[in-house]
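These are the residues of each chain, in order.
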Amino acid sequence: MTSNNLPLASGARFWALSAAMAVATLTVPLSVSAQDSGTETFQRDPKQAIDETYTEHIKKYTTAPALNSPLTDYLPASKSVPSPAKVLGDVAGASDVLPYAEEVYQYFRLLAAASPRVKVFTIGHTEEGREMIAVAVGDESLLTHAKENGARLAQLADPRSLELDDAKAAALISRSFPVYYITGAIHSPETGAPTALMELAYRLAVDDAPYVQYIRTHLITLITPVVEVDGRDRMVDLYKWHKAHPGQNWPDLVYWGHYVGHDNNRDAMAMTLELTRNVLNTMLDWHGQVLHDLHESVPFLYDNTVGDGPYNSWIDPLLTHEWSMLASDNMARMQGFGMPGAFTHGNFDTWSPGYLMFLAAFHNGISRLYETFGNGGADTEKRWLSPEEYSRTWYRPNPPYPTVVWSQRDNNNYEQTALLSALSYFAHNSKLFLNNFYLKSKRSVEKPANGGPAAYVLAQDDRYANRQMELLKVLALQHVEIHRLTQTAKVALPPPPRKDGEEPKPGTPPPPVSQTFPAGSFVIRMDQPFSRIADALLDRQFWSPQDPQTEPFDDTGWCFGDLFNAQVSRVTDNGILAAPMSLVPDLGQIPAPEVGPGPFYVVNNSAQVSLASLVYALQGAANLSVAEENFESDGHKFVEGSLIISGVDASKLRSLLRQFHLAAVSIASQPSAKVHPAAAPRIAFMHTWLSTQTEGWWRMAFDKLQVPFAYLSTQAVAKEPDLRSRYDVLIFAPAGHVSGQQIVDGLPMWGNALPWQTSSLTPNLGKLDSTDDLRPGLGEAGVAHLKDFVRQGGLLITAEDTAEFAIEEGMAPGVFVSPRKDLKVVGSVLNSALVDNKHPVAYGYDGAVALYSADGLAFTVSNLTVNYHILTAKDYKRPTGRGGPDDEDVPQGRPFEKAPPLPAPKPWQAVPLNEEQERNNPFLIPAEYRPQVILRYADMKDLLLSGMLENGDSVAEHPAVVVAHFGNGSVLLFANNPVYRGETVGSYALVFNSIINFGHLK
Ligand SMILES: [Zn+2]
């Protein structure tokens, strides 16, 4: 190990080993070893004047001297460049001042106009049309040559362009500078980052402190000050309302972005949100090395990147050491500045890749995240910490104070100080990190030759084509290259995994040794720069119940191939890479299947996500019916649930089929199969005012699929006695771990009203829905209206907590929650099996469906409305008597009377009742009103597809999807969440089948 030529910061020896390994395979350019931040003093330039007023105000708003550092306790003066005070009217982080995104942008644009070291770019827009920006800060010479530098970084990012030649890479590295991308305010109630980043940009552009000069001449700092712009503007509205109503409670931020709140930081896998796409595109346009996201939920500064195990299994091992290097220097500096409460490690596990920062981890960069302390606005408050926050522990030797008067300025001091020292460290080690960037990119390309696999293949198969396209669209948004086989390809299969001690049964055929994929199959090659993200999404996950980490931070499983029901094969035979294939440059250019002359068309039901889209688009413009049985026509075979279309304009049909990635077969005559009309029912979503996030994922899916719906709150339902005359289907998507009592009662009614309305003070509130008071819930009247709606023939769709609510309120007779006992499921993917494959909800499914389960909810069903225990063969234990344990006792002195057998139902079945149990039983559900189980969870041995599962008895084989009947209507209950984070595309059709077959669910 030759550590003498390594670019190490002094005092950070413990990571010398990993750093040495990082550069071991490359001749380090001379300029690399010249870098050394060991003598960094972070002293300001004594010759540069300071902005006296600004500096005085920094001091005024900082609540204790220890909560600031020599880096940020002054502001350098500039005659030409405006400070943040120009827009804010006071310093960044001043108490009571919280700018809108537009004001933040206004400042950055003023800065760019005044300084050649700053440039502002529009990087896209939000769902509601608000602008997102990125700001580049660096020395003028760097910004002037950013394009040429970008071209060099692009080659390092794709080492295939360098023939994987380390010497060529080294030559590029010696002439290149890195890009460090900082993002703020993705979480709207975490409000401090925008002003901290305004001042940070000013300092980087203006300050002549030697260390700042070094930063700006050695790297480009890229800043997106507000990631969740829609949510920021709503949060500022709310803060203004709060300031205008002193002494009153203020409303919770019930909507952040248009669809989701906190989960906007769980979108880095499925890429459904504009903000995720805009940030990734910006990072990749610049070929950035770091994505550093700012949050505010831990005192005083938690560099959570190092976190705790388990670490994600698909990242390059080098990255885990980069996290440590950066955090180690960073937190040591914070201790050096005397700032209490700065630490790394902590309880954040680095398993799930859903976080925004992980866009970098899986695109060969470095993901970083700070949690600082925030007050949810700009008030200065006395804060009371909990013992787990202020206690001293091994990774937090200098913990935060138990109580503290905390200001937004304190927050801004921490954020800026930590960022400035991190930028300094990165600038001083820029060549090392650029080399690591190259190495990680190169190893991504070399994946098939090392850890593997060789590729993932999505076999060409009409039954999966629609959902495969949805999955391919995600991969394309991740900038993953997609190929398509031009000829048949045959690959060798590895021997199947064998469970311990399990011998193949005699007479069973040997497992196949090869697999053949037809031409047209899609291939995701692992010898490409972004192979890691594809591998991480398409592989399966296993979280051991014995893992020392017992509290997963987020979901433990996410296998997209299963969740999209897309038939994805993990291929380990490198021969696949030599198969004839061509790059698919644009998924939109894939030719759509031909549409024949008609006059009848059939779309075979294969549980496509978009059959309902087609039905709504053609409503009134065609005759649409659904086959209730399978049939053959003109030599084609069709399954139950297939959509039969006639009386349609062929060109209109063609363009819709193309838009929705559907294929139709043209047939000459009306099929003879029994049919019912396809429904396009009037849909309303019902949401609570407690939380709108989990239902937001459902709204997004419906919007993207162009299935129209009205949007009502529980309060509106409470006021609407005749729901049935206005709607056919009510969707009560998961409210997000709330109880039935909370749904009914809402928030406690003491204190003041909490309005969520558009007003001159709050122009961004009340747009999606509004109320003059968030507190009231559904109420008893609302429950009665819901019951009337179902009784009168409506369909109520529920999942997770809202399914439990429907059960508790008696709207799902015969359905109960399976007691969870010691079960442990944390965001896992579980397997299921069809119970009733002829039921319209199951149309198009032909076997197992992967289900996302947040916490292992499962049902039981009964022929009674009460959950009485009825003795079954499984429960019966024979008494003491003659014979062995399985023999029957025989009373003596009389002829033997054999007892009728006890019922032996499966866990997904109701216990059949005998005459005695049914006689005069008021709780007995008439046969036609008994719940129908559509899907059950799989047997224990097949239950876990991905993630964590422990003690799964209460789930295995239990009902997962049930249609209950109440009056003339039905309640569809999901124990799983079928529409979640854009990840559960394979289970969408269970919902949409129920909609287009409305009226035919019994
Ligand atoms: Zn956060």
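Residues numbered from 1 in each chain as written. Predicted model: local features only at pLDDT ≥ 70, side-chain atom pairs only at ≥ 80, totals over all residues. Heavy atoms only, no water.

Novice: Explain the confidence of the model for the protein here, please?
Specialist: Regions with low pLDDT carry predicted coordinates that are not meant to be interpreted in detail. Summary statistics for the protein give a mean pLDDT of 94 and a share of 96% for residues scoring 70 or more. Scored below 50 in pLDDT, residues 1–34 makes 51 contacts in the model with residues more than four places away or belonging to other chains. (pLDDT = per-residue confidence, 0-100. Contact = heavy atoms within 4.5 Å.)

Novice: In this structure, what is going on with the coordination of the zinc ion? I would like to understand it.
Specialist: In an ideal tetrahedron of four donors about a metal, each angle is 109.5 degrees. In an ideal octahedron of six donors, the angles are 90 or 180 degrees. Protein coordination at the zinc ion comes from His 187 (ND1), Glu 190 (OE), Glu 190 (OE) and His 295 (ND1), with a distance range of 2.1 to 2.5 Å. The coordination sphere of the zinc ion comprises four donor atoms, whose angles at the metal cover 55 to 151 degrees; the geometry is irregular. Sequence spacing of the donor residues for the zinc ion, all on one chain, is H-x2-E-x104-H. Taken as a pair, Glu 190 in the loop between β3 (179–183) and α9 (193–206) and His 295 in strand β5 (residues 290–295) lie far apart in primary sequence, 105 residues in all. (Donors = N, O, S within 2.8 Å, 3.2 Å for Na, K, Ca; no water. Tetrahedral: all angles 85-135°; square planar, octahedral: opposite > 155°, others 65-115°. Helix = DSSP H or I, 4+ residues; strand = E, 2+ residues; numbered from the N terminus.)

Novice: Please clarify how the sheet that holds strand β33 (residues 851–853) should be interpreted in this entry.
Specialist: Adjacent strands of a sheet form backbone hydrogen bonds with each other and so pair up, either parallel or antiparallel. Strand order in the open sheet formed by three strands is β33-β31-β36, and the pairing between neighbours is antiparallel. The outermost strands of the open sheet, each flanked by one partner alone, are β33 and β36 (944–946). Adjacent strand axes in the sheet meet at a mean angle of 45 degrees when their direction is disregarded. As paired elements, strand β31 (residues 828–830) and β33 share three bridges and run antiparallel to each other. Across the sheet, residue Val 829 finds its bridge partner in β33, namely Tyr 852. (Pairing = 2+ DSSP bridges. Axes fitted to C-alpha atoms, helices over the stretch in contact; angles between N-to-C directions.)

Novice: Please explain the nonpolar core as it appears in this structure.
Specialist: One finds Ile 524, Leu 614, Ile 645 and Leu 973 to be the most contacted residues of the largest nonpolar core, which totals 291 residues. With residues up to four places along the chain from it excluded, the contact list for Leu 973 reads Thr 798, Ala 803, Ala 806, Ile 807, Ala 812, Val 815, Phe 859, Ala 960, Val 961, Val 962 and Ala 964. Core analysis: the next-biggest nonpolar cluster, separate from the first, contains 14 residues, Ala 459, Leu 485, Val 491 and Val 571 among them. (Core = buried A, V, L, I, M, F, W, Y, C linked by side-chain atoms within 4.5 Å. Buried < 20%, exposed > 50% of the residue type's maximum accessible area, 1.4 Å probe, protein only.)

Novice: How should the environment of Ile 576 be read in this particular structure?
Specialist: Structurally, Ile 576 is set in the loop between β16 (568–571) and β17 (581–583). Those residues in contact with Ile 576 that sit more than four places away from it in its chain are Ala 454, Ala 455, Val 457, Ala 489, Val 491, Val 523, Val 571 and Met 581.

Novice: Hey, could you run me through the side chain of Ser 946 in this one?
Specialist: Among the structural elements, Ser 946 can be located in strand β36. According to the relative accessible area criterion, Ser 946 is buried, its value standing at 0%. Reaching out from Ser 946, the side chain makes a polar contact with the side chain of Gln 541 at a distance of 2.5 Å. Excluding residues within four positions of it along the chain, Ser 946 makes contact with Arg 540, Gln 541, Gly 557, Trp 558, Cys 559, Ser 828 and Val 829. (Polar contact = N/O pair within 3.5 Å; in protein donor to acceptor, adjacent residues only side chain to side chain.)

Novice: Would you mind going over the sheet that holds strand β7 (residues 342–344) with me for this structure?
Specialist: Here eight strands make up an open sheet; going across it, the order is β1-β2-β4-β3-β5-β8-β6-β7 and the pairing mixed. Among the strands making up the open sheet, the edge pair consists of β1 (118–125) and β7. Strand-to-strand twist of the sheet, defined as the mean angle between neighbouring strand axes without regard to direction, takes the value 20 degrees. Note that strand β6 (residues 301–303) and strand β8 (residues 366–372) share three bridges and pair antiparallel. Bridge pairing links Tyr 302 to Glu 371 in β8. Along the sheet, helix α12 (residues 274–286) contacts β1, β2 (131–137), β3, β4 (220–224) and β5; its crossing angle with β1, the most-contacted strand, is approximately 140 degrees. Seen against the sheet, helix α13 (residues 317–336) touches β6, β7 and β8 and runs at an angle of roughly 35 degrees to β8.

Novice: What is the right way to look at helix α22 (residues 650–659) in this model?
Specialist: Think of an α-helix as turning once every 3.6 residues; residues three or four places apart then point the same way. All buried positions along α22 are accounted for by Leu 653, Leu 656 and Leu 657. For α22, the angular spread of buried residues about the axis comes to 100 degrees, placing them on one side. On its buried side, α22 packs onto β18 (600–603), α21 (611–618) and β22 (643–646). Two residues or fewer after α22 comes His 661, characterised by a positive phi angle close to 55 degrees. (Arc of directions from axis to C-beta.)

Novice: Help me out: how do you make sense of the packing of aromatic side chains in this one?
Specialist: Both the distance between ring centres and the angle between the ring planes are used here to describe each pair of aromatic rings. As enumerated under the stated definition, the model contains 38 aromatic pairs in all. When the centroid spacing of 6.2 Å and the interplanar angle of 90 degrees are considered together, the rings of Tyr 255 and Trp 689 count as edge-to-face. Here Tyr 255 is found in the loop between α11 (229–244) and α12, whereas its partner Trp 689 is found in the loop between β25 (683–687) and α23 (693–704), with 434 residues between them in sequence. Between Phe 300 and Trp 406, the aromatic rings sit 4.7 Å apart at their centres with planes inclined by 10 degrees, giving stacked as the arrangement. Taken together, the positions of Phe 300 in the loop between β5 and β6 and Trp 406 in strand β10 (residues 403–406) put the pair 106 residues apart, joining distant regions of the chain. For the pair Phe 300 and Trp 406, a shared accessibility class is recorded, and that class is buried. A network of ring pairs unites the aromatic residues Phe 300, Phe 373, Tyr 401, Trp 406 and Tyr 414 as a single cluster. Directly above the ring of Tyr 74 sits Arg 44, whose terminal nitrogen or CZ lies 5.4 Å from the centroid. Directly above the ring of Phe 343 sits Arg 396, whose terminal nitrogen or CZ lies 5.1 Å from the centroid. (Phe/Tyr/Trp six-rings, centres within 6.5 Å; stacked < 30°, edge-to-face > 60°. Lys NZ or Arg CZ within 6 Å of the ring centre and 35° of its normal.)

Novice: Hey, could you run me through α21 in this one?
Specialist: Burial of α21 is extensive: seven of the eight residues sit out of reach of the surface. If you follow the buried residues of α21, they end up packed against β18, β19 (623–627), β22, α22, β25 and α30 (988–996). The positive-phi residue at the C-terminal boundary of α21 is Gly 620, with phi of around 85 degrees.

Novice: For this particular structure, what's the right way to read the pairing of β4?
Specialist: Two faces, one strand: in a regular strand the side chains alternate between the faces of the sheet. Where burial is concerned, most of β4 is hidden: five out of the five residues are buried. With burial as the criterion, each face of β4 is covered, one bearing Ile 220, Leu 222 and Thr 224 and the other bearing Thr 221 and Ile 223. One ladder, built from three bridges, connects β2 with β4; its direction is antiparallel. The residue of β4 that forms the bridge with Val 137 is Thr 221. In this sheet, β4 lies alongside β3 in parallel orientation, the contact comprising five bridges.

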